[in-house]
Amino acid sequence: MSEQFKNLFTPLDLGFTQLKNRFVMGSMHTGLEEVKGGFNRMAKYLEDRASGGVGLIVTGGVSPNLAGRASPFACQLSFPWQVSKHKKVTDAVHKHDSKILMQILHTGRYGYQPLCVSPSGIKSPISPFKPWKMSNLHIRKTIYDFANSSRLAQKAGYDGVEVMGSEGYLINQFLVTKTNKRTDHWGGNYEKRMNFPLEIIRAIRKKCGKEFIIMFRLSMLDLIEEGSSWEEIVQLAKELKKEDVNIINTGIGWHEARIPTIATKVPRAAFTWVTAKMKKEIDIPLVTTNRINKPEVAEDILANGEADLISMARPYLADAELVNKAKENRLDEINICIACNQACLDHTFKGKVSSCLVNPFACYETELVHTKTTQKKIAVVGAGPSGMAFSVEAAKKGHSITLFDQDEDIGGQFNMAKVIPGKEEFNETIRYYKRQLDLNGVILKMKTEFKVETAKEFDQVIIATGVLPRKLKIEGIEHEKVLTYVDYLKHKQDIGTKIAVIGAGGIGFDVSELLTHSKESQSSLNKDDFFKEWGVDQTISTRGGIADIEAQVPKSPRMVYLCQRKTSKIGKGLGKTTGWIHRMGLKNKGVHMLTGVFYDKVDDQGLHITIAEKKQILDVDHVIICAGQVSNNSLYEALKFKGVQVHKIGGAHSSGELDAKRAIKQGITLALKI
Ligand code: FAD
Ligand code: NAP
Ligand code: SF4
């Protein structure tokens, strides 16, 4: 066993049962719950995490009744005939000495469906559906449904349930006055607002007996106005303990909160202090969570006595073997979650099956499989995400792979992404691939531009040469004030203090982010700076941890104009769950966001533009072009012309809608086939 991680690998005794280690896989809705054959896929997906060493797995949320569903066809466990499909999952996990809890999630007013309910019928700001106000009878029936669902989960072989009491879902809605205006048994003072969760736990315990794990996800920091006070949260924790809850998990922030809690801008383990604060109040196993993505970070938390268990969720999408790799001290082999949300949470919110940008196998374990092959000698041109992903996967199949890149370092555009404040995690993906290329015997030819003649040494050539910045036809485009994002990010060209950015896509936003940061204000790396910037009260002396706390955003060292031609909302195309963070971050930094812009010319005066037929001059030192890209595929065309067997992937394949998620998946999919 790894000495370095002795706390993480210490079993936890719950009396009637033991957890083999302190690694918890937190609940994630993957969408497999709802697709045809999804439970078979889920069984394999979770079995891989169990065989990968996780001690305790929590499933995605399962509703106890119709009204509680997250969406019209979301997963529900209310009837005996629904048990057998869950059994496939629990059997698969139990083969590996891991435990599994089913999360019971009643979404309340967050339900994206017309039957949703809430204590007082108050609509949430993030859902179009107005909830029905629950009657006393409905509340009693809902408590029964939680217990009934738990009993069915027990029959399906689950070791227990996690009762979802945080993130602003139904139980949370009962707890705070913002959403609970009742004056009956379920509302009024805090004692009454606690009745709903406490009666749920009582009912579950009665129905399922003593030897059944009940974990409660307690909202320890609501991050909304009129949220719970710290004293109330502690009081509830103590009451839950009295009701024989076995473990309390930490919940941070309601979904409607406007403070990032898991995005890549959030520093690692940023919210652990909340669990640590609770540890001083109560003696019950506590799980901490949010932006913990490496075993080293997790071990420190346990060693400091801040929590008893560590919940990571997305990191197990990124790497099913994370725990075993930690145990065997193979840390440099771990594929780290970069907290981008692009293939997991963004998919969930679009109703698509989740996966992972850095690991497209996640939730596709039964779909993405190797085909038989004969060994080939393959040249891969371009060591960006698509080329690296292809090379590793193809080498695993036994092909002889030589990877060429004209640059000094592997990583392609990730080398530009990693310098953006809040995207430091992209370094980890480059580090992961560096190790994997080495482990799988890929021959690296760096600082080597691939020539057409070289192709004859290989059976096949894979073109992964990425993209080139789009060239614009604007008068004065050759002016010395004009540079591309590549000049700025890669070649580190000096930059003035007044800047216009042309193009407000992902890269325009990222460039603006870097422009508005000084080296000293890296809030994605410094927890105190992060909380100051987003207005979080670390003493939780205010309700919800935010009220009356003024955000202190460090001043931008530059004046930035971020421009787009469209008249639609700026940043509309950014990630579903992260776009608002990017927009708010730049707004707080005072970036001028201009829409409906016509670019007239660039000259010594600056950038001449027209908006709504009104001409103006942006008096800037530099204009940075971030206006999208075109495929860099001239090499592909030349090889094809010569009759070489050649494929293209990533940006070289097509530049429209290109992102790293598509680039990596395309690389892997081709490798599986070739
Ligand atoms: P690239 O990464 O462009 O790699 C191509 C490689 O080919 C390069 O290393 C190049 O040197 C090499 N090459 C080219 N021609 C030759 C030749 N003739 N011989 C040898 N080598 C050659 N995507 C996301 O999904 N999420 C993000 O948050 C995100 N943020 C980004 C932030 C920034 C600042 C930038 C610039 C990009 C970001 N992207 C992001 C986009 C993402 O990085 C790209 O979609 C991805 O890198 C494309 O991968 P690729 O393999 O197709 O090509
Ligand atoms: P993009 O998202 O396509 O944005 C290009 C921007 O340039 C748009 O704002 C577009 O808006 C403008 N534009 C396009 N053609 C133009 C022209 N001829 N003249 C002037 N403006 C023009 O591309 P990107 O920002 O280069 O990003 C590339 C890819 O990297 C994206 O597809 C993205 O998925 C990925 N990426 C993702 C993230 C992320 O956080 N998820 C971050 C960075 C990059 P108008 O046409 O309205 O002007
Ligand atoms: Fe992490 Fe991004 Fe993968 Fe989601 S898609 S698990 S955030 S790396």
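What you see is a predicted model, and the numbers here were worked out from it, not measured in a lab. (Residues numbered from 1 in each chain as written. Chains lettered and ligands numbered in written order. Predicted model: local features only at pLDDT ≥ 70, side-chain atom pairs only at ≥ 80, totals over all residues. Heavy atoms only, no water.)

**As for the domain arrangement of the protein chain**
Here is step 1 of the chain: When the domains of the protein chain are assigned, the result is domain 1 (3–348), domain 2 (377–468 + 630–673) and domain 3 (482–517 + 556–627).
Here is step 2 of the chain: If you look at the interface, domain 1 gives 10 residues, while domain 3 gives nine residues.
Here is step 3 of the chain: Together, the buried faces of domain 1 and domain 3 total about 780 Å²; carbon and sulfur atoms form 63% of this surface.
Here is step 4 of the chain: On the domain 1 side of the interface with domain 3, the three residues burying the most area are Arg-258, Lys-265 and Asp-346, jointly 65% of the side's total. (Domains from an automatic or database assignment. Contact = heavy atoms within 4.5 Å. Buried area = accessible area lost by both parts, 1.4 Å probe.)

**Comments concerning the site of ligand 1**
Here is step 1 of the chain: What surrounds ligand 1 is a group of 37 residues, the closest being Gln-342, Ser-386, Asp-405, Lys-423 and Gly-651.
Here is step 2 of the chain: Here an oxygen atom of ligand 1 sits 2.7 Å away from a polar atom, N or O, in the side chain of Ser-386.
Here is step 3 of the chain: Contact distances for ligand 1 include 2.7 Å between an oxygen atom and a backbone N or O atom of Gly-651.
Here is step 4 of the chain: In the complex, 92% of the free accessible area of ligand 1, which totals 1,000 Å², lies under the protein chains.
Here is step 5 of the chain: Residue assignment for the shell around ligand 1 shows that the elements contributing at least two residues are helix 13 (385–396), helix 14 (414–417), helix 16 (485–489), helix 17 (506–515) and helix 21 (660–673). (Near = heavy atom within 4 Å. Polar contact = N/O pair within 3.5 Å; in protein donor to acceptor, adjacent residues only side chain to side chain. Areas by Shrake-Rupley, 256 points an atom, 1.4 Å probe, with all protein chains shown as cover. Helix = DSSP H or I, 4+ residues; strand = E, 2+ residues; numbered from the N terminus.)

**Quick word on unusual backbone geometry**
Here is step 1 of the chain: With phi around 70°, Cys-363 is a residue other than glycine that occupies positive phi space.
Here is step 2 of the chain: Looking at where Cys-363 falls in the secondary structure, it is placed in the loop between helix 12 (345–349) and strand 13 (377–381).
Here is step 3 of the chain: Taking the relative accessible area as the measure of exposure, Cys-363 reaches 0% and is therefore buried.
Here is step 4 of the chain: If you check the backbone angles, Lys-492 has positive phi at about 50° while not being a glycine. (Buried < 20%, exposed > 50% of the residue type's maximum accessible area, 1.4 Å probe, protein only.)

**Overview of the side chain of His-399**
Here is step 1 of the chain: With respect to the helices and strands, His-399 occurs in the loop between helix 13 and strand 14 (400–404).
Here is step 2 of the chain: For His-399, a relative accessible area of 5% translates into the label buried.
Here is step 3 of the chain: At 3.1 Å, the side chain of His-399 and the backbone nitrogen of Lys-376 are in polar contact.
Here is step 4 of the chain: Setting aside anything within four residues of it in sequence, one finds His-399 in contact with Thr-373, Thr-374, Gln-375, Lys-376, Ile-378, Ala-394 and Ile-674.

**Re helix 2 (residues 83–94)**
Here is step 1 of the chain: For helix 2, spanning 12 residues, the distance from its first C-alpha to its last is 16 Å, which sits close to the expected 16 Å at 1.5 Å a residue.
Here is step 2 of the chain: Regarding helix 2, the residues found buried are Val-83, His-86, Val-89, Thr-90, Ala-92 and Val-93.
Here is step 3 of the chain: For helix 2, the secondary structure elements touched by its buried residues are helix 1 (38–51), strand 4 (56–62), strand 5 (99–104) and helix 3 (136–155). (Expected span 1.5 Å × (residues − 1).)

**A word on empty space enclosed by the protein**
Here is step 1 of the chain: The full count for this structure, using the stated rule, is six cavities of 30 Å³ or more.
Here is step 2 of the chain: When grouped by side-chain class, the residues that make up the lining of the largest cavity number 10 nonpolar, two polar and one charged.
Here is step 3 of the chain: The space that makes up the second largest cavity amounts to roughly 60 Å³.
Here is step 4 of the chain: Forming the boundary of the second largest cavity are Met-25, Gly-26, Ser-27, Met-28, Thr-30, Glu-33, Met-42, Tyr-45, Leu-46, Val-58, Thr-59 and Gly-60. (1 Å grid on protein atoms, 1.4 Å probe; cavity = no way out; pocket = protein on both sides within 12 Å on 5 of 7 lines; lining within 4 Å. Points joined across faces, edges and corners; volume = space filled by probe spheres on them. Nonpolar A, V, L, I, M, F, W, Y, C, P; charged D, E, K, R; others polar.)

**A word on the site of ligand 2**
Here is step 1 of the chain: Among the 20 residues in the neighbourhood of ligand 2, the closest are listed as Ala-504, Ile-507, Arg-565, Lys-566 and Leu-658.
Here is step 2 of the chain: Contact between ligand 2 and Ile-507: an oxygen atom at 2.9 Å from a main-chain N or O atom of the residue.
Here is step 3 of the chain: The protein chains hide 76% of the 890 Å² of surface that ligand 2 would expose on its own.
Here is step 4 of the chain: Broken down by element, the shell around ligand 2 gets its largest block of residues, three residues, from helix 17.
Here is step 5 of the chain: Split by residue class, the shell around ligand 2 holds seven nonpolar, seven polar and six charged.
Here is step 6 of the chain: When we break the shell around ligand 2 down by domain, the ones giving at least three residues each are domain 2 (377–468 + 630–673) and domain 3 (482–517 + 556–627).

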